[in-house]
Amino acid sequence: MPILLKNCRIVVNEKVYSKNILIKNGKISKITNKEPKADKIIDVKNNLVLPGLIDAHVHMREPGLTHKEDFLTGSMAAAKGGITTFLDMPNTIPPTTTTAVLEEKRKLAKKSIVNYGFNFGATLNNISDIKKAKNVAAVKIYMDMTTGAMKVEDYDTIKEIFKASKLTIIHAEDINIKNAVDIFIKSFMSKAHVELKNQKFLSNKIKNRLHVAHVSSEKELRYAKNNPIKKQMTVEVTPHHLFMTEKDIQTLGAFAEMKPGLKTEQDKKALWQGIHDGMIDVIATDHAPHLKEEKEMANYPFGVPGLETMLPLLLDAFNSNKISLKKIMQLCCENPAKIFKIKNKGFLKEGYDADLVIADLDKRQAVRNDDLLTKCRWSPFEGKILKGWPVTTIVNGNVVYDNGEIKDIKAKEVQYAG
Ligand code: NCD
Ligand code: ZN
Ligand code: ZN
């Protein structure tokens, strides 16, 4: 049954247009000035309509850690935050490091009310599983210790993984990003060629790619972007590194502790500069929920939730002229779709999936723990008043979130091109 979204404000090349959007069979069928016939009409009242956000870095905690989050609660939080697709991380219990666990996770994720995809985890000895894994976004290597104890230290193994995987995501901190780049180059080049380190030569030779998760400092950004394979590299930042600094640890304690940790004001500025210079490709939440009780323990776990606050923080930043809507769309919708080759998503275009978020740019509201749908029920941004909030979220043509109300309509696993 066709739905017509009337009076939408959409952004095309920095310009804002008023259009109507016809949704048919879960797809964007027409973006038009006319009023085509529809079974249902939703008056968007000149609110902004964006492609639903694609969050490339989410820990849904299922299986094994469902006291923190599961695919239903996490996907409800995503829907409330305007995120219509997420890519799940492998550090669950058991970790997503065998094809059997991947298939099991696939079944569990059917509870999700937003679309989803999976990243596959690398270990010291699962190359054959990496090669067999079907329909995964990327392979994730942990080069530092973080939640899940999946650290891979052996450089020869890492080389094998880089070669086996078209796209590898690394959790690497500080100098380890530089190490990752060096190993990546050496995985594909003979010694003589490594000496050469000719950028154009390397670009032509290496087809595989490296995605650096949660870059947190000026130095990390330099390691990730100032190197001979920068064309093969993409860089992600999180909202917490863009909107918080290490000073917040003084007031929030463990509730502001994550990997990599918050850095200085200067680092935060460098990340924003990176956004404006095009050095940063993706903003992703690194939604890493842990319960309050766990955070209050002496040996608390690292990580903060983020699904429900990313878009409001960015819209608030737009309202204070820190970022354009075009940039938000590039970093949260278009680039994740391109980098992970997610089919038919990330753009507000005819023929694309009807994954959309309607946002009220004038709505002012504080982040309140009580309003959150994530199972952990807290946010490091609690109390912060933000201007600009998602009000309605549409997934595969179905309204799954509308002004505080969730509708439990199951979503789908994404597909990848190539
Ligand atoms: C993540 C988690 O809790 O799963 N924690 C974090 O501090 N970011 C793991 C990770 O992404 O490193
Ligand atoms: Zn990480
Ligand atoms: Zn993470």
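As the structure is a prediction and not an experimental result, all values here were calculated from the model.

The coordination sphere of the zinc ion (ligand 2), as far as protein atoms go, consists of H171 (ND1) and H214 (NE2), spread over 2.0 to 2.1 Å. Taken as a pair, the zinc ion (ligand 2) and the zinc ion (ligand 3) show a spacing of 3.6 Å. Highlighted residues: H171 in strand β10 (residues 167-171) and H214 in the loop between β11 (209-212) and α8 (218-225), separated in sequence by 43 residues. Each member of the pair, H171 as well as H214, is classed as buried.

Now for the nonpolar core. Counting residues in hydrophobic clusters, the biggest one holds 94 residues, and the most contacted among them are I141, F162, I170, I275 and I283. Among the elements that line this core, the one with the most residues is helix α5 (residues 175-188), at 7 residues. When near neighbours in sequence (up to four residues on either side) are disregarded, I275 contacts V237, L242, I280, I283, I323, K327 and L331. Counting residues in each nonpolar core, the second largest holds 19 residues, with Y142, I169, I339 and V414 among its members.

It is worth spelling out the packing of α5 against α8 at this point. Orientation of α5 relative to α8, taken along the N-to-C sense of each, is 5°, at an axis distance of 8 Å. One finds that α5 runs roughly parallel with respect to α8. Along its contact with α5, which presents I175, I177, K178 and V181, the element α8 presents E220, Y223 and A224. Considered class by class, the residues forming the contact of α5 with α8 number 5 nonpolar, no polar and 2 charged.

Looking now at the site of ligand 1. In the region of ligand 1, 15 residues are neighbours, and R61, N91, T146, K259 and D286 sit closest. Interatomic distance of 2.8 Å between a side-chain N/O atom of N91 and an oxygen atom of ligand 1. H290 places a polar side-chain atom, nitrogen or oxygen, 3.0 Å from an oxygen atom of ligand 1. A total of 320 Å² of accessible area belongs to ligand 1 in isolation, and the protein chains cover 100% of it. Partitioning the shell around ligand 1 into residue classes produces 3 nonpolar, 9 polar and 3 charged.

Reading the values: the criteria
Residues numbered from 1 in each chain as written. Chains lettered and ligands numbered in written order. Predicted model: local features only at pLDDT ≥ 70, side-chain atom pairs only at ≥ 80, totals over all residues. Heavy atoms only, no water. Donors = N, O, S within 2.8 Å, 3.2 Å for Na, K, Ca; no water. Helix = DSSP H or I, 4+ residues; strand = E, 2+ residues; numbered from the N terminus. Buried < 20%, exposed > 50% of the residue type's maximum accessible area, 1.4 Å probe, protein only. Core = buried A, V, L, I, M, F, W, Y, C linked by side-chain atoms within 4.5 Å. Contact = heavy atoms within 4.5 Å. Axes fitted to C-alpha atoms, helices over the stretch in contact; angles between N-to-C directions. Parallel < 35°, antiparallel > 145°, perpendicular 65-115°, else oblique. Nonpolar A, V, L, I, M, F, W, Y, C, P; charged D, E, K, R; others polar. Near = heavy atom within 4 Å. Polar contact = N/O pair within 3.5 Å; in protein donor to acceptor, adjacent residues only side chain to side chain. Areas by Shrake-Rupley, 256 points an atom, 1.4 Å probe, with all protein chains shown as cover.

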